[in-house]
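Residues per chain, in single letters:
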Amino acid sequence: MAAEAIKSAINPTASSLPLNVLMRLTDPKVGTGEYTTGFVGGGASGSDKKVGVVGLTLFDLRRRGKVARLSMVGVNGTKFPAIRQHLDTNITKVYNGLDCSFESYPANDVKDPDAYKAAIDALKPGDAITIFTPDTTHYPIALYAIERGIHVLITKPAVKTLEHHQVLIAAAKQHNVYVYVEHHKRFDPAYSDAKFKALKLGDFNYFYSYMSQPKSQLETFKAWAGVDSDISYYLNSHHIDICDSMVSQLGFVPIKVSASAAKGIATSLGCSEATEDTITVMVTWQKQGDPGKIATGVYTASWTAPQKAGVHSNQYFHYMAAGGEIRINQAKRGYDVADDTAGQLVWYNPFYMKYAPDEEGNFGGQTGYGYISFEKFVDGCRAVNSGTLKPADLDARGLPTLNNTIATTAILEAGRRSIDENREIRIEIADGAWKLV
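Residues numbered from 1 in each chain as written. Predicted model: local features only at pLDDT ≥ 70, side-chain atom pairs only at ≥ 80, totals over all residues. Heavy atoms only, no water.

Details of the overall build of the chain
Right, so step 1: When helices and strands are counted, the chain shows 14 helices and 18 strands.
Right, so step 2: Expressed along its principal axes, the backbone C-alpha trace of the chain runs to roughly 60 × 60 × 40 Å.
Right, so step 3: Evaluated residue by residue, the chain yields a buried proportion of 55% over its 437 residues.
Right, so step 4: For the chain, the exposed surface amounts to about 17,900 Å²; the carbon and sulfur share of it is 52%. (Helix = DSSP H or I, 4+ residues; strand = E, 2+ residues; numbered from the N terminus. Buried < 20%, exposed > 50% of the residue type's maximum accessible area, 1.4 Å probe, protein only. Areas by Shrake-Rupley, 256 points an atom, 1.4 Å probe, with all protein chains shown as cover.)

Topic: the pattern of salt bridges
Right, so step 1: A complete count under the given rule lists 24 salt bridges for this structure.
Right, so step 2: Here Asp379 ties to Lys66 by a salt bridge, and the two come within 3.0 Å at their closest N and O atoms. Of the two residues, Asp379 sits in helix H12 (residues 369–386) while Lys66 sits in the loop between helix H3 (54–63) and strand E4 (67–73), which places them 313 residues apart along the sequence.
Right, so step 3: The exposure class assigned to Asp379 is partly exposed, which follows from its relative accessible area of 31%.
Right, so step 4: In this structure, the salt-bridge partner of Arg426 is Glu428, at a minimum N-O distance of 2.7 Å.
Right, so step 5: A residue is classified by how much of its surface remains accessible, and Arg426, at 39% relative accessible area, is partly exposed.
Right, so step 6: Glu428 gets classed as partly exposed once you look at its relative accessible area, which sits at 29%.
Right, so step 7: What you see here is one network of salt bridges that share partners, running through Arg64, Lys66, Glu375 and Asp379. (Salt bridge = Lys/Arg side-chain N within 4 Å of Asp/Glu carboxyl O.)

With respect to the sheet that holds strand E13 (residues 314–321)
Right, so step 1: Spatially, the eight strands line up as an open sheet ordered E14-E13-E9-E12-E11-E10-E17-E18, and their pairing is mixed. Of all strands in the sheet, those bounded by a partner on one side alone are strand E14 (324–329) and strand E18 (433–436). Here the strands of the sheet are splayed against their neighbours by 15 degrees on average, with no regard to which way each runs.
Right, so step 2: On the sheet, helix H10 (residues 231–247) packs against strand E9 (204–214), strand E10 (252–262), strand E11 (278–287), strand E12 (290–305), E13 and E14 and is oriented at approximately 150 degrees with respect to E9. (Pairing = 2+ DSSP bridges. Axes fitted to C-alpha atoms, helices over the stretch in contact; angles between N-to-C directions. Contact = heavy atoms within 4.5 Å.)

Overview of unusual backbone geometry
Right, so step 1: Cis rather than trans, the peptide bond between Tyr105 and Pro106 has omega equal to -5 degrees.
Right, so step 2: Relative to the elements of secondary structure, Pro106 occurs in the loop between strand E5 (103–105) and helix H5 (115–121).
Right, so step 3: Each neighbour pair has its own omega, and for Lys156 with Pro157 the value is -10 degrees, a cis peptide bond.
Right, so step 4: Even without a glycine there, the phi angle at Asn176 is positive, about 55 degrees.
Right, so step 5: Among the structural elements, Asn176 can be located in the loop between helix H7 (162–175) and strand E8 (179–181).
Right, so step 6: Located in the positive-phi region is Asn422, a residue other than glycine, with phi close to 55 degrees.
Right, so step 7: Summarising the element assignment, Asn422 is placed in the loop between helix H14 (406–421) and strand E17 (425–430).

What to know about the nonpolar core
Right, so step 1: Judged by nonpolar contacts, the single largest core of 80 residues is most densely connected at Phe204, Met246, Trp285, Phe317 and Tyr319.
Right, so step 2: If you tally residues by element for this core, the top one is H10, at nine residues.
Right, so step 3: Here Tyr319 is in contact with Ala198, Gly202, Phe204, Tyr206, Phe207, Met246, Val247, Leu250, Gly324, Glu325 and Ile326, once residues within four sequence places are set aside.
Right, so step 4: Among the nonpolar cores identified, the runner-up in size contains 44 residues, and Val54, Leu61, Ile91 and Leu394 belong to it. (Core = buried A, V, L, I, M, F, W, Y, C linked by side-chain atoms within 4.5 Å.)

Points about the sheet that holds E5
Right, so step 1: Spatial strand order, E5-E4-E1-E6-E7-E8: six strands in an open sheet with parallel pairing. Both outer strands of the open sheet, E5 and E8, are each paired with one neighbouring strand and no more. The sheet shows a mean angle of 20 degrees between the axes of neighbouring strands, direction not considered.
Right, so step 2: Across five bridges, strand E1 (residues 19–24) lies against E4 in parallel orientation.

Concerning the confidence of the model for the chain
Right, so step 1: The share of residues in the chain with pLDDT of 70 or more is 92%, and the mean pLDDT across the chain is 90.
Right, so step 2: Predicted confidence is poor over residues 1–14, with pLDDT under 50, and the contacts of this stretch with residues over four places away or in other chains come to four contacts.
Right, so step 3: When the criterion is pLDDT under 50, residues 28–32 qualifies, and its contacts beyond four places in sequence or with other chains add up to 17 contacts. (pLDDT = per-residue confidence, 0-100.)

So, the pairing of strand E7 (residues 151–154)
Right, so step 1: What you see with E7 is no split at all: His151 and Leu153 on one side and Val152 and Ile154 on the other are buried throughout.
Right, so step 2: Sheet topology note: the strand E6 (residues 128–131)/E7 ladder contains four bridges and is parallel. Paired with Ala128 across the strands is His151, a residue of E7.
Right, so step 3: Between the parallel pair E6 and E7, the chain is carried across by helix H6 (residues 135–146), and the sense of this crossover is right-handed.
Right, so step 4: Relative to E8, E7 runs parallel, the two being bridged by three bridges. Following the sheet pairing, Ile154 is matched in E8 by Val181.
Right, so step 5: After leaving E7, the chain enters H7 and then returns to the sheet as E8, a path that is right-handed. (Right-handed = clockwise from strand over helix to strand, strands pointing away.)

Digging into H7
Right, so step 1: In this model H7 runs 20 Å from its N-terminal to its C-terminal C-alpha over 14 residues, within 8% of the 20 Å that 1.5 Å per residue would give.
Right, so step 2: Every buried residue of H7 is listed here: Leu162, His165, Leu168, Ile169, Ala171 and Ala172.
Right, so step 3: Taken together, the buried residues of H7 touch H6, E7, E8, H14 and E18.
Right, so step 4: Where H7 ends, the next residue or the one after it, Asn176, has phi of about 55 degrees, a positive value. (Expected span 1.5 Å × (residues − 1).)

A short note on the packing of H7 against H14
The axes of two packed helices give the description: the angle between them and the distance between them.
Right, so step 1: At a minimum axis distance of 9 Å, the contact between H7 and H14 shows a crossing angle of 160 degrees. Taken together, the axes of H7 and H14 are roughly antiparallel relative to one another. For the pair H7 and H14, the sense of crossing is right-handed. Only Ile406, Thr409, Ala410 and Glu413 of H14 make contact with H7, whose side of the interface consists of Leu162, His165, Gln166 and Ile169. (Parallel < 35°, antiparallel > 145°, perpendicular 65-115°, else oblique. Left-handed = near helix turned anticlockwise from the far one by under 90°.)

Some words on the environment of Gln288
Right, so step 1: Examined against the element boundaries, Gln288 turns out to sit in the loop between E11 and E12.
Right, so step 2: With near-sequence residues (within four places) excluded, Gln288 lies in contact with Gly251 and Val253.

Listed below in structure tokens is the structure:
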């Protein structure tokens, strides 16, 4: 037994091996990775993600031994020197010299829209990539990675169409990789507790949600807002997924969708004429095996909220079931700060990302649900690589995998088509295959 313990210490099992991760940044036309690095337009973002989420989390996971080699890929390599300086100033010098080193693609003097291919080709099967790019690019990047045996984390929405979602599911199964959609609201402690409590409240009956961001975000998203995607894909994806995770466990599936959009504000700010301000999606849900049980979901999202609302994102929902109801307001969490330099009262959300250092000076946000979401992905990849779990086991745990988020993609695409075609869209499921009619 002692000899085996010594052997294990000298030759660590695959489950203990850290994960190599490639971070795919946003196209520089729309800012070089606000969510990944917090770097936008030559400096720190003006949002609540001034030092990013993805990079900081992975740098800290590397400090903790769960991640090894890190790399980043964008389109415009000339941005990387400024990004490195930004990370050094705002992360390394703030958190005890936290190592923010990474390999970058393309080279510092090169612009290459296909640089992600060379960066993925430099990985080996079992490594991972995070994709935080405009919605239309998720599918080709994810498929390229999956076909090379790379685990994939995709920001929400996973893809824009049901067809692409199901192609990725099949490819992931064929290549035995873990594909995870970064629906971090599933790990918000209030939301995850609500999912558990919904089990005891009987059949689903009604759900209403609202989520918004201020007009200032349109400056960051102007290049793609209304062109490559819309506000429903961007923000409604949060609560549609939350609702699905709550009601699918009760046997409910979406069967038809209609949507409506408001316009006029975004276009006055210089966005494309196609850009809608606010989108509301109404979904009819039906209980499988009991078609007389019908429920309604209404999901509203806007990126034209007031600039000085005191919160970066208003977000709340109301869930009603046969035996009770749940209300959650995650915009104002009982934590507000009055700051003369801000000129207003501000409500913060450290439950998502807590940027304050711990008592030793290290990054201390490991309990934030934004951080937890990435750690769940990293742990899942390492478990699959070690052979202790299969991707199907992670599906069974209710994590936001491709298989567990197909209803969200179906609803989002149906909502877009409902607006474009001015009609109700039906969702049909037969032999495990989903289609819009």
